[in-house]
Amino acid sequence: MEIELLQETYYSIKHNQRRSFLSGFGIAWGILLLVILLGVGSGFQAGIMGLFQSFAQKSLYVYAGTTSQKYESFKEGRRITFSEDFIKTLRLKYTEIDAISPEISTSIPVRNNARDGVFRVTGINADYMHIRILEVGDSGRILTNADIQQTRPVAIVGENVKSILFGEKEALEKYINISGMLYKIVGILKNDNIFSASEINSIYIPVSCFLRNVASDNQFTSFSLYLKQNANASKFENNLRNYMAHYFRFKVKDEQAVYIANLEKQTSTFESFFDWLQGFIWFIGVCFLISGMVGVSNIMYTVVKERTNEIGIRLAVGATPHSIIRLILLESVLITVISGIVGLTIGKSILLFIDWLLSMHENILMHKTELNMQTALTALSILVLSGIIAGLFPAIKASSIEPADAIRYENRG
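Each chain has its residues counted from 1, running along the sequence as written. Thresholds applied to this predicted model are a pLDDT of at least 70 for local features of residues and 80 or more for the giving and counting of side-chain atom pairs; totals over whole chains, interfaces and linings are not thresholded and use all residues. In computing side-chain values, all of the structure's heavy atoms are included and hydrogens and water are not.

Attention now moves to the overall build of the chain. Within the chain one finds 14 helices and ten strands. Expressed as a percentage of the 413 residues in the chain, the buried residues total 45%. It only takes one pair of heavy atoms within 4.5 Å for two residues to be counted as in contact. For the chain, contacts bridging at least 24 residues in sequence account for 77% of all contacts bridging at least 6. Carbon and sulfur atoms make up 57% of the accessible area of the chain, which amounts to about 21,800 Å² in all. Helix and strand assignments follow DSSP, with helices taken as H or I runs no shorter than four residues and strands as E runs no shorter than two, numbered in order from the N terminus. Accessibility here uses a 1.4 Å probe with only protein chains present; expressed as a share of the type maximum, an area under 20% marks a residue as buried, one over 50% as exposed, and anything in between as partly exposed. Only the protein chains shown count as cover for residues, with accessible areas throughout obtained via the Shrake-Rupley method and a probe of 1.4 Å.

What follows is the structure, encoded as structure tokens:
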């Protein structure tokens, strides 16, 4: 019985190929767009969130500014600056801090014999390399605590610095002139993502060297830190702001006096955005599927109308309304599922083609599209449900046909 029902449905679809194609096109198009949007969206999300791996996840970046509000006897417009002693005070005060480093930058001329260029020179300590997760080539090394403590004139440079000052020659263990002092290059920064690409014109030297040979004073306006894994970053941010407001005498709510960038909070914001984006993509996809469902449902109403006489005869010779419902529903579900699988297959093929194109480029936000099995199964489940809904009302109408009315309808035509 089941095999006969499938065969009859198959012949019905085959006999009306154009009608079946048109009814299933909306479903196939909807699922194709859904698959592409979800795959590209998930790949874009993975690429963006992967960029944050260039930073320690519980890191905070603190930037001093100018007060915008009066506080006690102090007027607005007062400049806030930090010192190494303040950094040491924070390290001793807060046990949550795992690493902390000043970040003092300036753009100045740098020379290597006849070659020169203007580059951003930044003074840091050894902790900074772990906060920013800066990596150097296999032959080089990062800055160490001994470099900072002994004020060693060593430097880590970006790829563009190396190219401009040394061309095709080897730069490691060679010297560059910064503010009249020779610095030995001990590492070349890697350039393997968007954030590291921004470091191609950077030079990093020990903060002790920077303060002695480059800076005009021992004050600076920014530092960074990262916390231990069990620390609450948001709570620490509030505590740090309160302490700095008390230490430097400004209002806690004065955002222009000190700005704190909390990476964990920013990452959470991106995650919330992508959750919303994925929900919106599902909404758009489901809207397309609903449009396809309406098309299938209209076609099935036409099928019922065309087969009114046949359905009446079936009922007259003993067919049950339940069997008629199954007949119409099966055709509806088959059209929907087959169309959906075609759309799913084409969509996945397009995603593979996009992956192939992406593999030919580097330093882009999306490395690979993603479409997991759960998404595919969810889409197929929606397809089956769509087929049932699309065929349900036409099937109920077909099952309620009276044999005598069906015969009169046919004779009237």
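The salt bridge criterion pairs a side-chain nitrogen of Lys or Arg with a carboxyl oxygen of Asp or Glu, the two atoms within 4 Å. Throughout the structure, instances matching the rule amount to eight salt bridges. One salt bridge in this structure joins D116 and R111, with 3.0 Å as the shortest N-O distance. Its salt-bridge partner being E173, residue K184 comes within 3.6 Å of it at the nearest N-O pair. Of the two residues, K184 is situated in strand β7 (residues 181-188) and E173 in the loop between α6 (159-166) and β6 (175-178); the sequence distance between them amounts to eleven residues. Accessibility expressed as a relative area gives 46% for E173, which makes it partly exposed. What emerges from the salt-bridge pattern is a single network uniting R141, D147 and R152.

In spatial order, the strands read β3-β4-β8-β5-β7-β6; together these six strands close into a barrel with mixed pairing. Strand after strand, the sheet turns through a mean of 45° between neighbouring axes, direction not considered. Pairing of strand β5 (residues 154-157) with strand β8 (residues 202-206), which is carried by two bridges, proceeds in the antiparallel orientation. Within β8, the position partnered with V157 by the bridge is I203. When DSSP finds at least two bridges between two strands, those strands are taken to pair. Under this scheme, a helix contributes an axis fitted over its contacting stretch, all axes are lines through C-alpha atoms, and angles between N-to-C directions fall in the 0 to 180 degree range.

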